[in-house]
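Overview (structure and organization)
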Amino acid sequence: MAYSNSIKDIYQAQLKEIKDAGLLKQERFIHSSQAADIEVEFPTGSAIKKVINVCSNNYLGMSSHPEVLKAAHDGLDSRGYGMSSVRFICGTQDIHRELENKMSKFLGTEDTILFPSCMDANAGVFEAILTSEDVMISDRLVHASIIDGMRLCPALHDTFKHSDMEHLEKKLELHATKRLKVVITDGVYSMDGDTAKLDEMVKLCEKYDAMLFVDDSHSTGFIGKTGRGTHEKCGVMGKIDIITTTFGKALGGASGGCVSGRKEIVDMCRQKARPYLFSNTIAPVVVSGVLRVLDILSQSTERRDKLESNTIFWRKGLTEAGFILKDGDTPIVPVMLFNAKLSQDFSKDLFDLGIYAVGFFFPVVPQGAARIRTQISAGHEMHHLEKALDAFIKVGKKYEILGKTKQEIIDRYGC
Amino acid sequence: MENMKEVILEYVIDEYCDDESSDISFDTPLISGGLVDSFSMVSLKRFLENKYNISIPDDQATPEAFDTVTKIELLVKKFL
């Protein structure tokens, strides 16, 4: 047997280290569809509990939308379950190209290529378009999948301080002689909920002849007046060279992602991006669902408008109650608790009160910046938000943190 | 010649810390301590090469060699 006891011991020791450090990730089994109201089994084996979900990426409440379900059923019936092939052999259906064209129209870009996930899009795009003669200059807080993609790329990699435009400009000057330069940012940062300064970044990129890459996974469908994303919000539609985004969040939440942008960039991905070349693309049933989502979002801004008003209510309610929030106006609303154990205890107490929200702490967020990250949805009705707010206030009172400053909370609980 | 350690420390604080009053000493672990990620070493290497007119081979620009200001000074002196 190749899997000897000594091999087993190595893994068991590593797993113990993770557990002892309090970093063991545990899944909570959901026995219902994804929605504002869900039924959760946690801990495993315990009775199923009905709770309000305030931590999903289901920003527009499309994950279980009846019209999306019907479109997915129809797609399953008409196009089958799987393709059993990568795109360029015999894995491309008409609906795959239809979705690429619809995404280009929705985002205001020249062309789009689908990937199995946005993680794959980010993993594949840089290696496909850059060489060792080039440089990638990324914000220091970009998503892990972008970091993985940059690791796979031979181009030089440098970073700039989060959202610091002066620092970015210094880096653009430093690397001015490189053949190609790409500035890389998230559109909305998933842990803090802040938005990239795309208007300023576009100006800098124009000044230094650099391309601009934006991962808009936490934006597409609801940020901007008509939900096109951060480029719409910042007034730079048509000026972002590379957008990556996901269908796994606001656009139905199933799976899949894409690279959208300049035609030549998309063409290069179609020739060279390894996750595209060596993996099946999105299943027909999911493509059919996303097509319907895009139709619904293109017909009306009702859902993103509701999300906006829900977000305003939620941020205002928490602020007036005396919680410390990260600044911003997106549906990602981090409630700052600073101390890791407090964030876990707080989350557990919320769950007992019927609210599902997860605590994040180092190394997911910086040391001393533990928090409960809440995410608001258009699927939330006012009664959901009022009940959740009431629970937050009850737990906040229990731990006596309402109206307290950061320093006062740290003095009491540590960081 | 200005104190090399001071020069490197000043650059590290300016380049990698958001808060300029950050409590970093010559022996603070920069990379293993999570202050500087391995990607961000690029700018530090470039700074050292330009400042001291040296060339540090990639195989010597390791995370271990860049982990503290003291170690960085030792590395730079090898190529002066």
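Residues numbered from 1 in each chain as written. Chains lettered and ligands numbered in written order. Predicted model: local features only at pLDDT ≥ 70, side-chain atom pairs only at ≥ 80, totals over all residues.

1. Remarks on the environment of Asp 305 of chain A
- Within the secondary structure, Asp 305 of chain A is located in helix α13 (residues 302-321).
- Asp 305 of chain A sits 80 residues away from Lys 225 of chain A along the chain, and the two C-alpha atoms are 8.5 Å apart. (Helix = DSSP H or I, 4+ residues; strand = E, 2+ residues; numbered from the N terminus.)

2. A closer look at the packing of α13 of chain A against helix α15 (residues 382-398) of chain A
All names here are of chain A.
- At a minimum axis distance of 10 Å, the contact between α13 and α15 shows a crossing angle of 20°. Our classification of the angle between α13 and α15 gives roughly parallel. In this structure, the crossing between α13 and α15 has a hand that is right-handed. Between α13 and α15, the contacting residues are Asn 310, Phe 313, Trp 314, Gly 317, Leu 318 and Ala 321 on the first element and Leu 385, Leu 389, Phe 392, Ile 393 and Gly 396 on the second.
- Residues that form the contact of α13 with α15 fall into these classes: eight nonpolar, three polar and no charged. (Axes fitted to C-alpha atoms, helices over the stretch in contact; angles between N-to-C directions. Parallel < 35°, antiparallel > 145°, perpendicular 65-115°, else oblique. Left-handed = near helix turned anticlockwise from the far one by under 90°. Contact = placed C-beta atoms within 7 Å. Nonpolar A, V, L, I, M, F, W, Y, C, P; charged D, E, K, R; others polar.)

3. A closer look at the sheet that holds strand β12 (residues 355-356) of chain A
Residue and element names in this part refer to chain A.
- Pairing is mixed in the open sheet, where four strands are placed in the order β1-β2-β3-β12. Each edge of the open sheet is held by one strand with a lone partner, namely β1 (29-30) and β12.
- With two bridges connecting them, β1 and strand β2 (residues 37-41) associate as antiparallel partners. Residue pairing for β2: Ile 30 is matched across the bridge by Val 40. (Pairing = 2+ DSSP bridges.)

4. So, the environment of Ile 30 of chain A
Residues and elements named next belong to chain A.
- With respect to the element layout, Ile 30 can be found in strand β1.
- Put simply, Ile 30 and His 65 are 35 residues apart on the chain and 18 Å apart in space, counted from C-alpha to C-alpha.
- Beyond its immediate sequence surroundings of up to four residues, Ile 30 is in contact with Ile 38, Glu 39 and Val 40.

5. Some words on the interface of chain B and chain A
- In this complex, chain B contributes six residues to the contact, which on the side of chain A involves six residues.
- A per-class count over the side of chain B that touches chain A returns two nonpolar, two polar and two charged.

6. What to know about unusual backbone geometry
All names here are of chain A.
- The omega angle of the peptide bond from Phe 42 to Pro 43 is -5°, so this bond is cis rather than trans.
- Of note, Pro 43 is situated in the loop between β2 and β3 (48-53).
- The backbone of Ser 84 sits at a positive phi, close to 50°, despite the residue not being glycine.
- Along the chain, Ser 84 falls in the loop between α2 (66-79) and α3 (87-90).
- The phi torsion at Phe 338 lies on the positive side, around 70°, for a residue other than glycine.
- Looking at the element boundaries, Phe 338 is found in strand β11 (residues 332-338).

7. Some remarks on the sheet that holds strand β10 (residues 257-261) of chain A
Residue and element names in this part refer to chain A.
- Taking strand neighbours across the sheet as the criterion, the seven strands line up as β4-β10-β9-β8-β7-β5-β6 in an open arrangement whose pairing is mixed. Looking at which strands have only one partner, the edges of the open sheet turn out to be β4 (111-115) and β6 (156-160). On average, each strand axis in the sheet is tilted by 20° relative to the strand beside it, whichever way the strands run.
- Pairing of strand β5 (residues 135-139) with β6, which is carried by five bridges, proceeds in the parallel orientation. Across the sheet, Asp 139 pairs through a bridge with Phe 160, a residue of β6.
- On top of the sheet, helix α4 (residues 94-107) reaches β4, β9 (242-246) and β10; it is set at about 125° to β4, its chief contact.
- Most of the contacts of helix α10 (residues 263-272) go to β4, to which it runs at about 30°, and overall it touches β4, β9 and β10.

8. Remarks on helix α5 (residues 118-129) of chain A
Residue and element names in this part refer to chain A.
- Look at α5: 17 Å from first C-alpha to last across twelve residues, which is about the 16 Å you get at 1.5 Å a residue.
- Among the twelve residues that make up α5, twelve are buried, leaving the element largely enclosed by the rest of the structure.
- Those residues of α5 lying buried are Cys 118, Met 119, Asp 120, Ala 121, Asn 122, Ala 123, Gly 124, Val 125, Phe 126, Glu 127, Ala 128 and Ile 129. (Expected span 1.5 Å × (residues − 1). Buried ≥ 20, exposed ≤ 12 C-beta atoms within 10 Å, placed from the backbone.)

9. Things to note about the pairing of β9 of chain A
Residue and element names in this part refer to chain A.
- Counting buried positions over the five residues of β9 gives five, a clear majority of the element.
- Burial along β9 is two-sided: the face carrying Ile 242, Thr 244 and Thr 246 and the face carrying Ile 243 and Thr 245 are both buried.
- In this structure, strand β8 (residues 211-215) lies alongside β9, joined through three bridges in parallel fashion. The residue bridging Val 214 from the neighbouring strand is Ile 243, located in β9.

10. Focus on the nonpolar core
- The biggest cluster of nonpolar side chains holds 107 residues, and the ones touching the most others in it are Val 125, Met 136, Val 183, Leu 212, Val 259, Cys 269 and Ile 355 of chain A.
- With eight residues, the top contributor of residues to this core is α5 of chain A.
- When residues of this core are assigned to domains, at least three map to each of domain 1 (31-60 + 302-413) and domain 2 (66-299) of chain A.
- If we ignore the near neighbours within four places in the chain, the residues touching Ile 355 of chain A are Val 51, Ile 52, Val 54, Leu 350, Ala 388 and Ala 391 of chain A.
- Formed by twelve residues, the second largest nonpolar core is a distinct cluster that contains Val 12, Met 41, Phe 66 and Ile 72 of chain B. (Core = buried A, V, L, I, M, F, W, Y, C linked by C-beta atoms within 7 Å. Domains from an automatic or database assignment.)

11. Focus on the confidence of the model for chain B
Residue and element names in this part refer to chain B.
- Summary statistics for chain B give a mean pLDDT of 87 and a share of 92% for residues scoring 70 or more.
- Mean pLDDT across the elements of chain B ranges from a minimum in helix α2 (residues 41-52), with 89, to a maximum in helix α3 (residues 69-78), with 94.
- Scored as a complex, the prediction yields pTM 0.93 and ipTM 0.78. (pLDDT = per-residue confidence, 0-100.)

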